[in-house]
Structures are given as C-alpha cells and as structure tokens.
Amino acid sequence: MFSKSKINEPGPKAADNAEAAKTAPAKTGAPAAKPPASVLSADLLITGNIKTTGDVNVEGQVEGDVRAHLLTVGEGATVKGEVVADDVVVNGRVVGRVRGLKVRLTSTARVEGDIIHKTIAIESGAHFEGSVQRQDDPLATGAKKMPTTAAPASAPAAAPADKPKS
C-alpha cells in the first residue's frame, strides 16, 4: 500500500535537471595547467631587469636582475645582476648575488657573487667565488646585504700590488 518509491514525490523534472547542468559551471578536480617556461634563446642579449611569477630558462645573456619562480641558467648563458627565485639552477655563469629558497650549482656552474639560500647543493666541479649564507627567508626584500670586506670563500686574498721604488 505504501511505498518508498520517489515516483510520486514532487521535485525537479528531468528537463529542469538538464538545463541546470548546462548553466552550472563545470567542476574539475585538476588544477589549471601550468604555462611552459619562458626561454631566452642563446642569441638573445637582454639589457634590463626581468620579473615574472613563472619559470624562466636563460640560454643567452642578461645584463640586469632576474626575478622568477624557477630560474634555470643554461650552460652557455650569462647573467650579470642579482638573481632571485624560489628555485635557482645554475649550469652557466652568474656574476652577482643569488637569492633562493633552493639553490643548485651544477658541475658546469660559474658563480661570482654571494649566495643567500635556505637550501643549497653544489656539485663537484662547480666554480664558486663568494660567500654563502643560510636564511629562513632569503627572498625577503629586506634581506641583509653581505659584508663587502670579507675575502671570497674559495679564493685567497689578493696580494698588495708592488709599489714603485723612489
């Protein structure tokens, strides 16, 4: 006599359900695709600063500061300026300060400048001249400048030039 069937219960009609599905925003579980890294090709010379929230692969030359999420300096690339990124991978040459949460110098890296990092990895064969300082937040804009009176970590102090005898 009594049934728990929903046949006779009031509710939206099938046509209403189809219309609601068309107007409702599509729900996807996957996050939006990350855009590919910007590549500065080997024949490119940039004079000026670069700032992005994305990833950058430098294969050419940059004369200026570079700020990115992930910065990769290619084997034949040179950056002359400050480098600031969450992740920094140096395969080429950097002349200037490097600040990053994770800094990696590969065996082909050549760095002339101070490194401020949270974690660092230096492969055998990498050339590094400067000082290294660990900070919990190396990306903070108020990061302390490194003392300029300290001798570089991997190079002996320069001998004074010979003065001409009078």
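Structure first, text after, so check above.
Residues numbered from 1 in each chain as written. Predicted model: local features only at pLDDT ≥ 70, side-chain atom pairs only at ≥ 80, totals over all residues. Heavy atoms only, no water.

## Section: the overall build of the protein
In terms of regular secondary structure, the protein is built from one helix and 14 strands. Taken over 166 residues, the protein has a buried fraction of 30%. Looking at the protein alone, contacts between residues at least 24 apart form 9% of all its contacts between residues at least 6 apart. Entry remark: accessible area of the protein is about 11,400 Å², with carbon and sulfur atoms responsible for 55%. (Helix = DSSP H or I, 4+ residues; strand = E, 2+ residues; numbered from the N terminus. Buried < 20%, exposed > 50% of the residue type's maximum accessible area, 1.4 Å probe, protein only. Contact = heavy atoms within 4.5 Å. Areas by Shrake-Rupley, 256 points an atom, 1.4 Å probe, with all protein chains shown as cover.)

## A closer look at the environment of Asp114
Tracing the sequence through the fold places Asp114 in the loop between strand E11 (110–112) and strand E12 (115–122). Of the residues examined, Asp114 reaches a relative accessible area of 21% and is grouped as partly exposed. When the C-alpha positions of Asp114 and Val98 are compared, they lie 6.3 Å apart, and in sequence the two are 16 residues distant.

## Things to note about the pattern of salt bridges
Summed over the entire model, instances satisfying the criterion amount to six salt bridges. Residue Arg99 is joined to Glu82 by a salt bridge in which the shortest nitrogen-to-oxygen separation is 3.0 Å. Of this pair, Arg99 sits in strand E10 (residues 98–105) while Glu82 sits in the loop between strand E7 (78–80) and strand E8 (83–90), and the two are 17 residues apart along the sequence. In terms of burial, Arg99 and Glu82 fall into one category: buried. Glu123 is paired through a salt bridge with Arg104; the nearest N and O atoms lie 2.9 Å apart. Taken together, the positions of Glu123 in the loop between E12 and strand E13 (127–129) and Arg104 in strand E10 put the pair 19 residues apart, joining distant regions of the chain. Owing to a relative accessible area of 31%, Glu123 belongs among the partly exposed residues under this scheme. Residue class for Arg104 comes out partly exposed when judged on its relative accessible area of 38%. Residues joined by salt bridges that share partners form a network here, namely Glu82, Arg97 and Arg99. (Salt bridge = Lys/Arg side-chain N within 4 Å of Asp/Glu carboxyl O.)

## Examining the sheet that holds strand E2 (residues 45–47)
As summarised here, the arrangement of the six strands in space is E2-E5-E7-E9-E11-E13, forming an open sheet in which the pairing is parallel. This sheet does not close on itself; its edge strands, each paired only once, are E2 and E13. Taken pair by pair, the neighbouring strands of this sheet meet at an average axis angle of 5 degrees, ignoring direction. Sheet topology note: the E7/strand E9 (residues 93–95) ladder contains three bridges and is parallel. Bridge pairing links Lys80 to Val95 in E9. (Pairing = 2+ DSSP bridges. Axes fitted to C-alpha atoms, helices over the stretch in contact; angles between N-to-C directions.)

## What about the side chain of Arg99?
Overall, the relative accessible area of 6% leaves Arg99 in the buried class. A distance of 3.0 Å separates polar atoms of two side chains, one belonging to Arg99 and the other to Glu82. One polar contact links the side chain of Arg99 to the main-chain carbonyl oxygen of Ala140, over a distance of 2.8 Å. (Polar contact = N/O pair within 3.5 Å; in protein donor to acceptor, adjacent residues only side chain to side chain.)

## Considerations on the pairing of strand E6 (residues 66–73)
One ladder, built from two bridges, connects strand E3 (residues 50–51) with E6; its direction is parallel. Following the sheet pairing, Ile50 is matched in E6 by Val66. Alignment of strand E4 (residues 55–58) against E6, held across four bridges, turns out to be parallel. In the sheet register, Val58 faces E6, and the bridge partner there is Val73.

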